[in-house]
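Report on the structure
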Amino acid sequence: MQFKPKFIEKYSKLTDFEDYKKAVSGPFRKSIRVNTLKISVRELKEKLEPKGFNLEQVPWCKEGFYISKGPLPIGNLEEHKNGEFFVQSSVSMIPNIELNPNKNDVVLDACASPGGKTTHLASLMSNRGIIIANEADRKRCRILIENLQRLGVKNTVVTNMSADKLKGSFDKILLDTPCSASGNIFGSTRETKKILKVWNPDTVKRLAKLQRKLISHVFSLLKENGVLVYSTCSLEPEEDEQVVESLLRNNPDARLEKINLDIKADFNNGIKIWPQHNNTEGFFIAKIRKV
C-alpha cells in the first residue's frame, strides 16, 4: 500500500496510524446477510456449511455472518443466484438496524444502489410498508432493480433522480451518501489501490459540500418524530461528524440520537468505526430525530 504523505499526516492526527496501517494490511473478512424474505438463517446455514463454508455470527446483526473461503466463490453459488443471501460488508448492516423500520412505515433510501441496504430494509419490514429507493445514476439503477428482483422485494418503488430533487413525506430516511470511500481501504485490492491513488483533500471538500446539501434536503422530507440515519464508508471528519454538526446547527428541530450497539467505535456526532476497532472496513453512522 502506498499512502500519500498528506494522507499519513492527516490520519496520524485522527487515530494511531500504525494500528490503522496494520489493520488495513490484514486479510479482509467477507460477510453475507441472509435474505429472510426467501429463507431462514437456519435453512441457509444447513445449505452452506455442508458445502465447506464456515459461518461466524456478526455480533450486531442476527442475519449477518462472516463467511470463510470455500471450494467455490460465493458469488457462484446457487443460493446467491437465487437471492437467498446478499454479499454485504458487516458494518454496512448497521444503518438499517438503527433505522429500525416497522411494517407500516414509509421509508426513503435516498442513494440506494446497489441495493444491499434497500433489500435489508425490505427484509426488516417483511415486505410491508413502502420503500422509495432512489438512485441518481441510471446504470446503477439497473443494478438496483436486478438485486431487488433477485431477492424478492415487493414493497419498493425505484426512482431515478438526484437526491436533492426528491419530494414527499417519510417516517424513516436512510442517506448512505456518495463519499470518498476511504473506509474501504483494506488489503491489496484493486479498490484499495484506486482509493489511495485518487484520494486528495480537494475531493473530500467537494464531496462534503454535496453531503451537506443532501442531508439538509432529505431532513426537510422527514415527518415530525421521524428518524434519519446518515452513513458513509468514509473516515474523513469533513464527510462525517462535520456534516452532522452542520445539520444540527442549522436545524433546531434536529436531535442526535444515541446509538447503542455492542461495537467498538469513536463517538462524536455519531459512531466512527475504524478498521482496527473490530477488524472491519471503516464506517460512520449517525442517527437523527426530527422533534
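The structure reproduced in this document is the subject of the present report. The written sequence of each chain sets the order in which its residues are numbered from 1. Residue-level local features of this predicted model are given only where pLDDT is at least 70; pairs of side-chain atoms are given and counted only at 80 or more, and the full residue set underlies all totals for whole chains, interfaces and linings. Side-chain measures here rest on the full set of heavy atoms in the structure, leaving out hydrogens and waters.

1. Let's talk about empty space enclosed by the protein
- Buriedness of a pocket was judged along seven lines, with at least five required to meet protein on both sides within 12 Å; pockets are open sets of points on a 1 Å grid over the protein atoms alone, cavities are sets where a 1.4 Å probe fits but cannot get out, and lining residues have an atom within 4 Å of a point. Grid points are joined across faces, edges and corners, and a volume is the space filled by probe spheres set on the points. Under the defined criterion, the tally for this structure stands at one cavity of 30 Å³ or more.
- There is about 40 Å³ of room inside the largest cavity.
- Along its surface, the largest cavity is lined by F28, R29, S31, Y66, S89, S90, N279, T280 and E281.
- Each residue is assigned to one of three groups, with Ala, Val, Leu, Ile, Met, Phe, Trp, Tyr, Cys and Pro labelled nonpolar, Asp, Glu, Lys and Arg labelled charged, and all others, Gly among them, labelled polar. Across the lining of the largest cavity, the residue classes break down as two nonpolar, five polar and two charged.

2. Some words on the packing of aromatic side chains
- Paired rings are identified among Phe, Tyr and Trp, the last through its six-membered ring, by centres lying within 6.5 Å, and are further divided according to the angle between planes into stacked (under 30 degrees), edge-to-face (over 60) and tilted (the rest). The tally for this structure, following the rule as stated, stands at twelve aromatic pairs.
- Taking 5.9 Å as the distance between ring centres and 90° as the angle between the ring planes, the aromatic pair formed by Y20 and W274 counts as edge-to-face. With a gap of 254 residues between them, Y20 in helix α2 (residues 17-25) and W274 in the loop between β12 (271-273) and α11 (275-278) connect regions that are remote in the sequence.
- Relative to F186, the ring of F28 lies with its centre 5.4 Å away and its plane at 65°, an arrangement referred to as edge-to-face. Secondary structure elements are taken from DSSP: a helix is a run of H or I of four residues or more, a strand is a run of E of two residues or more, and numbering for both begins at the N terminus.

3. A few points about the pairing of strand β9 (residues 222-232)
- In terms of residue burial, β9 counts as a mostly covered element, since eight of its eleven residues are buried.
- Between any two strands, at least two bridges found by DSSP are needed for them to pair. By the bridge criterion, six bridges tie β9 to strand β13 (residues 283-290) in an arrangement that is antiparallel. In the strand pairing of β13, L228 is matched with I288. Exposure is judged per residue with a 1.4 Å probe applied to protein chains only, and the accessible area is read against the type maximum: over 50% gives exposed, under 20% gives buried, and values in between give partly exposed.

4. Points about unusual backbone geometry
- A cis amide bond, omega 10°, links S113 with the succeeding residue P114.
- In this structure, P114 sits in the loop between β5 (106-109) and α6 (116-124).
- If you check the backbone angles, N100 has positive phi at about 50° while not being a glycine.
- By the element assignment, N100 lies in the loop between α5 (94-99) and β5.
- Backbone geometry at N225 places phi at a positive 70°, although glycine is not the residue there.
- One can find N225 in strand β9.

5. Let's talk about the pairing of strand β1 (residues 31-34)
- Of the two faces of β1, the one lined by S31 and R33 and the one lined by I32 and V34 are each fully buried.
- Summarising the sheet, β1 and strand β3 (residues 64-67) pair through three bridges and their orientation is antiparallel. Bridge pairing links R33 to G64 in β3.
- For β1 and strand β4 (residues 85-87), the ladder comprises three bridges, and the chain directions are antiparallel. By the bridge assignment for β4, V34 is matched with F85.

6. What to know about α2
- Among the residues making up α2, those that are buried are F17, Y20, A23 and V24. Relative to the axis of α2, the buried residues are bounded by an arc of 125° and lie together on one face. Projecting away from the buried face of α2 at angles above 90 degrees are the exposed residues E18 and K22.
- What makes two residues a contact is simply this: any of their non-hydrogen atoms within 4.5 Å. Along its buried surface, α2 packs onto α1 (5-14) and α11.
- Counting of polar contacts relies on pairs of N or O atoms within 3.5 Å, with two restrictions inside protein: one atom must be capable of donating a hydrogen and the other of accepting it, and residues adjacent in sequence are counted only when both atoms are side-chain atoms. Two to three positions downstream of the cap, the backbone nitrogen of E18 sits 3.1 Å from a side-chain oxygen, assigning the N-cap of α2 to D16. Within this analysis, the arc is defined by the directions that extend from the helix axis to the C-beta atoms.

7. Here we look at the layout of surface pockets
- Counted as a void, the largest pocket has a volume near 1,400 Å³.
- In terms of lining, the largest pocket is formed by 50 residues, of which the most central are P114, R140, N184, E191 and C233.
- The set of elements that each furnish at least two residues to the lining of the largest pocket consists of β4, α6, α7 (138-150), β8 (170-176), α8 (190-198) and α9 (201-220).
- Top contributing element to the lining of the largest pocket by residue count: α9, with six residues.
- Partitioning the lining of the largest pocket into residue classes produces 24 nonpolar, 15 polar and eleven charged.
- Approximately 300 Å³ is the volume found for the second largest pocket.
- Forming the boundary of the second largest pocket are 14 residues, of which F28, K30, I67, S68 and K69 lie nearest the centre.

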